[in-house]
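What follows is the residue order along each chain.
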Amino acid sequence: MYALYADLLIDICSINPGKIMAREQLQVLNALDVAKTQWYHFTAIVIAGMGFFTDAYDLFCISLVTKLLGRIYYYQPGSDTPGALPSNVSSAVNGVAFCGTLSGQLFFGWLGDKMGRKRVYGMTLMIMVICSIASGLSFGKNPTAVMSTLCFFRFWLGFGIGGDYPLSATIMSEYANKKTRGAFIAAVFAMQGFGILAGGMVAIIISATFKAQFPAPAFEVDPAGSTVPQADYAWRIIVMFGAIPAALTYYWRMKMPETARYTALVAKNAKQAASDMAKVLEVELESEQEKIEKMSQEKGNDFGLFSTQFARRHGLHLLGTTTTWFLLDIAFYSQNLFQKDIFTAIGWIPKPKTMNALEEVFKIARAQTLIALCSTVPGYWFTVAFIDKIGRFAIQLMGFFFMTVFMFALAIPYHHWTLPDHRIGFVVMYSLTFFFANFGPNATTFVVPAEIFPARLRSTCHGISAASGKAGAIVGAFGFLYAADGIGVRKTLIVLGVINFLGMIFTFLVPESKGKSLEEMSGEGEQENGSTAESRQTVSV
């Protein structure tokens, strides 16, 4: 032990004090770091969080109406089964928004660092409002026209949603204080849970209302009459409802001032940063323009994304955030495909033949709402409660560990869980996997990229990390279907368990940012006299 401390002391003494020294923090940034939790923090959470509420609603509401779309547009007269979307159409309807989201994360992440967080923030919301409404419209009445319109506008809806990821995370991280920053960013992300709940509740209300107004027999009694013409309005209303929360939030997003870190560190306007934050914090702040100009003349902290300097300082960090998010989303979005098995196993959804079209929407929505209420939402808020106490690293590692354990627990005795007497156990295992995904990497992979990169690259790096995750979601959503058909569900579950284990391994590349300022994590708090910096890696233990 003494030898270890001696070696550490020698290493510290060997550092050239002239090469790296602490830069004096700008007063406006220090004021944000040490500010007590105030009303503006909660306002920022709601404004940013409503975007994620809308994101989740728009992304997940489509799964509630795909069965209805099949009954309306793809029923074959004389068939003894209800109409269903062809596999290629189903894949397009469910997956096209993910493709748009991936594109939007990359584009708006980059644009947020070029134009500013606030200016781009309104663009993403307006895209979401317009495309939510347009998704419920159609050019023509035949199936091809309706599905083509739906897919086209859902791609652009996803494009707007994608922009919300890096911008919301970056804005919240740059507004928050050091002490509760993780909880604030996680709270923004946790609004997804309420968005999923809202999607289920809106579908329940709409389907129940239409079902009461336009009663219809079950499919097995009257195949043609089981889908009333008015059902075509029901799915459109459910899809278009997502425009309302986004539209209500637009005014407040436009009133938010630009973050001080962007204004001061990227735009180099210390006077504007001090003025904006003085109003927000209700304190007097010096502009310190001379200090900004002096910082801008220094070399060493002006490197770009594709520079050797970035690779040395943050290359492993970016590898860690992209790989963990990619691996998480393969498993996380694959899990959603189990829902139909669970709903059927515990009797929440009867066989399609025994229901009419609107009744089926009601039963699917009720089942999704109960799952979200029991496992998804609590997991998010456990992260909010504990992320600043036990740290991002510990929560992410724990989440991946338990996801691995429960995935193998489902996979190895898979036949056991398929027996009627053991299906409740399957439901419990499934819910726990979802819980530890949300009280784990699903939240932390969103939080950490917003904290560890320099201000001028923060939104871009978060967008890259998020896009990597969405690539994993595409693999999970489409690859799992083919894998399950090819190698069987049991072997596919084992593969997903291995993926979760790999996520646990790559977590060791991600630094712990609990209790540290953004400048301390990114290295922007260091001043260099030499031409290069000593790379200061943060090791999680």
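A brief look at the structure comes next.

Here we look at empty space enclosed by the protein
So, step 1. For the structure on display, the rule yields three cavities of 30 Å³ or more.
So, step 2. The computed volume of the largest cavity comes to approximately 90 Å³.
So, step 3. In terms of lining, the largest cavity is formed by F60, Y165, F189, Q192, I196, W325, D329, F332, Y333, Y380, N442 and K470.
So, step 4. Of all elements in the fold, only α7 (181-213) and α13 (308-335) reach the threshold of two or more residues within the lining of the largest cavity.
So, step 5. In terms of residue count, α13 provides more of the lining of the largest cavity than any other element does, four residues in total.
So, step 6. Within the lining of the largest cavity, the residues separate by chemical class into eight nonpolar, two polar and two charged.
So, step 7. In this structure, the second largest cavity encloses a volume near 40 Å³.
So, step 8. What lines the second largest cavity is simply R117, K118, Y121, I171, Y175, R253, M256, P257, E258 and T259.
So, step 9. Of all elements in the fold, only α5 (117-135) and α6 (143-175) reach the threshold of two or more residues within the lining of the second largest cavity.
So, step 10. With three residues, the single largest contributor to the lining of the second largest cavity is α5.
So, step 11. Its residues assigned to classes, the lining of the second largest cavity shows five nonpolar, one polar and four charged.

Re helix α3 (residues 39-73)
So, step 1. A rise of 1.5 Å per residue sets the reference length of α3, with its 35 residues, at 51 Å; its end C-alpha atoms lie 49 Å apart and thus fit the reference within 8%.
So, step 2. Of all 35 residues making up α3, 27 are buried, and the element is well covered by its neighbours.

What about unusual backbone geometry?
Most peptide bonds are trans, and most residues other than glycine sit at a negative phi.
So, step 1. The backbone of K268 sits at a positive phi, close to 60°, despite the residue not being glycine.
So, step 2. Counting through the fold element by element, K268 comes out in the loop between α10 (260-266) and α11 (270-281).
So, step 3. Take K268: its relative accessible area is 36%, and that puts it in the partly exposed class.

Let's talk about a nonpolar patch on the surface
So, step 1. A contiguous nonpolar surface patch, about 320 Å² in accessible area, is contributed by V498, F501, L502 and I505.
So, step 2. Inspection of the secondary structure assignment puts F501 in helix α21 (residues 489-506).
So, step 3. Its relative accessible area of 40% is what places F501 among the partly exposed residues.

Some remarks on helix α8 (residues 231-240)
So, step 1. Within the span of α8, buried status applies to A231, A234, W235, R236, I238 and V239.
So, step 2. Considering only its buried residues, α8 is in contact with α3, α5, α6, α7 and α15 (357-390).

A short note on the pattern of salt bridges
So, step 1. Counted according to the given criterion, the structure contains 12 salt bridges.
So, step 2. When the shortest N-O distance is used, the salt bridge between R181 and E451 registers 2.7 Å. You can see R181 sitting in helix α7 and its partner E451 sitting in the loop between α19 (441-447) and α20 (455-487), a full 270 residues away along the chain. Summarising the burial analysis for this pair, R181 and E451 share the class buried.
So, step 3. A salt bridge links E451 to R392; the nearest nitrogen and oxygen atoms lie 2.6 Å apart. Highlighted residues: E451 in the loop between α19 and α20 and R392 in helix α16 (residues 392-411), separated in sequence by 59 residues. Of the two residues, E451 and R392, both sit in the buried class.
So, step 4. A single salt-bridge network, built from bridges that share partners, covers D113, R117, E174 and R458.

Some remarks on the environment of L29
So, step 1. Residue position: L29 is located in helix α2 (residues 27-34).
So, step 2. The spacing of L29 and A273 is 244 residues in sequence and 9.2 Å in space, taken between C-alpha atoms.

Examining the side chain of S513
So, step 1. One can find S513 in the loop between α21 and α22 (518-522).
So, step 2. Excluding residues within four positions of it along the chain, S513 makes contact with R181, R392, E451, I452 and M521.

Section: the environment of C151
So, step 1. In this fold, C151 is placed in helix α6.
So, step 2. Taking the C-alpha atoms as reference points, C151 and V89, separated by 62 residues in sequence, lie 9.2 Å from one another.
So, step 3. Apart from residues no more than four positions distant in its own chain, C151 is found in contact with A92, V93 and V96.

Rules behind the numbers
Residues numbered from 1 in each chain as written. Predicted model: local features only at pLDDT ≥ 70, side-chain atom pairs only at ≥ 80, totals over all residues. Heavy atoms only, no water. 1 Å grid on protein atoms, 1.4 Å probe; cavity = no way out; pocket = protein on both sides within 12 Å on 5 of 7 lines; lining within 4 Å. Points joined across faces, edges and corners; volume = space filled by probe spheres on them. Helix = DSSP H or I, 4+ residues; strand = E, 2+ residues; numbered from the N terminus. Nonpolar A, V, L, I, M, F, W, Y, C, P; charged D, E, K, R; others polar. Expected span 1.5 Å × (residues − 1). Buried < 20%, exposed > 50% of the residue type's maximum accessible area, 1.4 Å probe, protein only. Patch = residues over 30% accessible without salt bridge, like charges linked within 9 Å, V, L, I, M, F, W, Y side chains within 5 Å. Areas by Shrake-Rupley, 256 points an atom, 1.4 Å probe, with all protein chains shown as cover. Salt bridge = Lys/Arg side-chain N within 4 Å of Asp/Glu carboxyl O. Contact = heavy atoms within 4.5 Å.

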